[in-house]
Amino acid sequence: MLRRATDIVLADGAPIPLQYGATQGYGPLLHSLAEFLSAQDSYTSPVSPQELFLTAGASQAIDHTTTLFTQTGDTVFVEEPTYYLIQSIFEDHGLKVVGVPTDNDGLRMDALEAMLADRSVQAPKMLYIIPTYQNPSGSVLPADRRSKLVELAQQHGFLVLADEVYNLLYYGKPPPPPIASFDTSEDGCIISLSSFSKILGPGLRTGWLQARPPLIQRFATAGLTISGGGLNHFTSTLVHAVLEQGMLEDNIAILRSTYGERVSAMSAAVRKHLGDAVDFTAPGGGYFFWLTFNDSTNTDALLRIAQEHGVNYRPGTAFSAQGAFTNAIRLAFALYEPDMLAEGIRRIAEAHKTSQ
Ligand SMILES: Cc1ncc(COP(=O)(O)O)c(C=O)c1O
């Protein structure tokens, strides 16, 4: 796909792909992406190019948002558990990271409201959330909680940074739309991030964010963006060609059916080999299974034994600012064929038996 796209982009020898780009991002991609997103089942309202900004991937966008909207010493709320690499990005900026409890439907609004009302907890400047096929838990924040979150952000004056990189990777019914589309305020208080990493290739280092136009303008007029002429101009021209040729739609269809089969294979293997030893919900999308052992298994200790059995996983404590989830493990199913997944689960079950 990318070879074809490169041929198209470089065919006529036009210099545009190798020049500095526009600060908001490559215009034709802003338009083709807006059209593409508007047509997705998981987007219920149209997205306009004025609500999009092209990034160098979700990680860069998180760092850039943190640069523009927070200061050292500020507090950021995160879900408990959350993406295990987020802590270090926020620590780079000297932020205090505070976990908010979750349940099977993601961030608990009652817990968030209680923390916002608690004067002993520093008010957050920003809340980072993965609302759709959460990493690691796989949970999906329902639409009513999304609306409530927007209401609380407006009421308490914090920014919501919604990391929605798995929104298009659903294997059954589509999830609710990105939280940014619930934000009807003039100035905007929600930024929804996404990325071509999960739907085309992480090496491209290209993604986008969706927000109200005034927020988009903060990014488009930032020093980094102006000095560099956009964040990923050349790759954006390639991604635009991929979209124009209908190849992204085709690729996502392949990913959905391939990953859907892997979810089924992993669910069946967990039931067969681990049975009542663990609790889990098969994810409706994304990359991850979150298993919780029903006994007092410490998954940090179990990891060494699992590795002796030739299998790896990420233990629950990696996803907690407080070292919680000592009996949980996150398993990524996206990379392996069904038989490899089944074998991996068999080995984890064997390691668990050995540890008893
Ligand atoms: C929740 C989440 N955010 C961000 C990233 C990284 O995205 P990117 O490659 O676009 O920087 C990942 C990758 O695993 C992720 O799971």
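Residues numbered from 1 in each chain as written. Predicted model: local features only at pLDDT ≥ 70, side-chain atom pairs only at ≥ 80, totals over all residues. Heavy atoms only, no water.

Looking at an unreviewed UniProt entry, one finds the protein chain named Aromatic-amino-acid aminotransferase 1 and attributed to Geodia barretti. Within the UniProt record for the protein chain, the comment given under Sequence similarities (unreviewed entry) is "Belongs to the class-I pyridoxal-phosphate-dependent aminotransferase family." UniProt, in the comment section headed Cofactor (unreviewed entry), describes the protein chain in these words: "pyridoxal 5'-phosphate". (UniProt positions renumbered as here; feature names shortened; annotations may be inferred.)

**Q** Account for the overall build of the protein chain, naming residues and giving values.
**A** From N to C terminus, the protein chain includes twelve helices and twelve strands. Against the compact-globule benchmark of 21 Å for 356 residues, the protein chain has a radius of gyration of 21 Å, which places it among compact chains. Seen through its principal axes, the protein chain has C-alpha atoms that stretch 65 × 55 × 35 Å. Burial analysis of the protein chain (356 residues in total) assigns 54% to the buried set. In the protein chain, 73% of the contacts between residues at least 6 apart in sequence involve partners at least 24 apart. Each charge class in the protein chain can be summarised by its mean position, and for the 24 positive and 36 negative side chains these summaries are 4 Å apart. (Helix = DSSP H or I, 4+ residues; strand = E, 2+ residues; numbered from the N terminus. Rg over C-alpha atoms; globule rule 2.2 N^0.38 Å. Buried < 20%, exposed > 50% of the residue type's maximum accessible area, 1.4 Å probe, protein only. Contact = heavy atoms within 4.5 Å. Lys, Arg positive; Asp, Glu negative; His and termini not counted. Charge placed at Lys NZ, Arg CZ, Asp CG, Glu CD.)

**Q** Quick rundown of the site of the ligand? Include the residues and the values.
**A** Among the 13 residues in the neighbourhood of the ligand, the closest are listed as Ser59, Asp163, Tyr166, Ser195 and Lys198. Residue Lys198 places a side-chain N or O atom 2.7 Å away from an oxygen atom belonging to the ligand. Here an oxygen atom of the ligand sits 2.7 Å away from a polar atom, N or O, in the side chain of Arg205. For the ligand, whose free accessible area comes to 400 Å², the fraction covered by protein is 90%. A breakdown of the residues in the shell around the ligand according to their chemical character gives five nonpolar, five polar and three charged. (Near = heavy atom within 4 Å. Polar contact = N/O pair within 3.5 Å; in protein donor to acceptor, adjacent residues only side chain to side chain. Areas by Shrake-Rupley, 256 points an atom, 1.4 Å probe, with all protein chains shown as cover. Nonpolar A, V, L, I, M, F, W, Y, C, P; charged D, E, K, R; others polar.)

**Q** Now, about the pattern of salt bridges: what can you tell me, with residues and values included?
**A** Within the structure shown, the criterion is met by eleven salt bridges. In this structure, the salt-bridge partner of Lys125 is Asp74, at a minimum N-O distance of 3.2 Å. Residue Lys125 is located in strand 5 (residues 124–129), and its partner Asp74 is located in the loop between helix 3 (58–69) and strand 2 (75–80); the two are separated by 51 residues in the primary sequence. Note on Asp74: relative accessible area 14%, which makes it buried. The partner of Glu164 in a salt bridge is Arg146, and the shortest N-O contact between them spans 3.7 Å. (Salt bridge = Lys/Arg side-chain N within 4 Å of Asp/Glu carboxyl O.)

**Q** Give a description of the pairing of strand 5 that names residues and reports values.
**A** Burial of strand 5 is extensive: five of the six residues sit out of reach of the surface. In this structure, strand 2 lies alongside strand 5, joined through four bridges in parallel fashion. Residue pairing for strand 5: Thr75 is matched across the bridge by Pro124. Here strand 5 pairs with strand 6 (residues 159–163) via four bridges, running parallel. Note on strand 6: the bridge partner recorded for Met126 is Leu159. (Pairing = 2+ DSSP bridges.)

**Q** Quick one: what's the story with the sheet that holds strand 9 (residues 278–279), residue by residue and with numbers?
**A** Read across the open sheet, the four strands follow the order 9-10-12-11; overall the sheet is antiparallel. Every interior strand has two partners, whereas the edge strands, strand 9 and strand 11 (314–315), have only one. In terms of strand pairing, strand 10 (residues 288–293) meets strand 12 (residues 328–332) through five bridges, oriented antiparallel. The residue of strand 12 that forms the bridge with Leu291 is Ile329. The sheet strands contacting helix 10 (residues 247–273) are strand 9, strand 10 and strand 12, and the helix crosses strand 10 at an angle near 15°. (Axes fitted to C-alpha atoms, helices over the stretch in contact; angles between N-to-C directions.)

**Q** Can you break down the packing of aromatic side chains residue by residue, with the values?
**A** Between two aromatic rings, the relevant description is the distance of the centres plus the angle of the planes. Within this structure, the stated rule accounts for 17 aromatic pairs. Ring centres of Tyr166 and Phe288 lie 5.9 Å apart, and the angle between their planes is 85°; on these two criteria the pair is classed as edge-to-face. Pair noted here: Tyr166 is in the loop between strand 6 and strand 7 (190–195) and Phe288 is in strand 10, with a separation of 122 residues, a long-range link. Each of the two residues, Tyr166 as well as Phe288, counts as buried. Ring geometry for Tyr171 against Tyr259: centres 6.2 Å apart, planes inclined by 80°, an arrangement best described as edge-to-face. With Tyr171 in the loop between strand 6 and strand 7 and Tyr259 in helix 10, this pair connects stretches of sequence that are 88 residues apart. A connected cluster of aromatic rings, assembled from ring pairs, spans Tyr166, Tyr171, Tyr259, Phe280, Tyr287, Phe288, Phe289 and Phe333. Positioned over the ring face of Tyr170 is Arg256, at 4.1 Å from the centre of the ring. (Phe/Tyr/Trp six-rings, centres within 6.5 Å; stacked < 30°, edge-to-face > 60°. Lys NZ or Arg CZ within 6 Å of the ring centre and 35° of its normal.)

**Q** Would you mind going over the sheet that holds strand 2 in detail, with residue names and values included?
**A** The eight strands are arranged 1-8-7-6-5-2-3-4 in an open sheet whose pairing can be described as mixed. Where the open sheet ends on each side, the last strands, each with one partner, are strand 1 (52–55) and strand 4 (106–107). Here helix 2 (residues 27–38) sits on the sheet and contacts strand 1 and strand 8 (207–210); the angle it forms with strand 1, its principal contact strand, is near 115°.

**Q** So what's going on with unusual backbone geometry? Which residues, and what values?
**A** Cis geometry marks the peptide bond from Glu80 to Pro81, where omega comes out at 10°. By the secondary structure assignment, Pro81 is in the loop between strand 2 and helix 4 (86–92). With an omega of 20°, the peptide bond between Asn135 and Pro136 qualifies as cis. Within the secondary structure layout, Pro136 lies in the loop between strand 5 and helix 6 (143–156). In this model, Arg205 sits at a positive phi of 45°, which is unusual for a non-glycine residue. Structurally, the position occupied by Arg205 is in the loop between strand 7 and strand 8.

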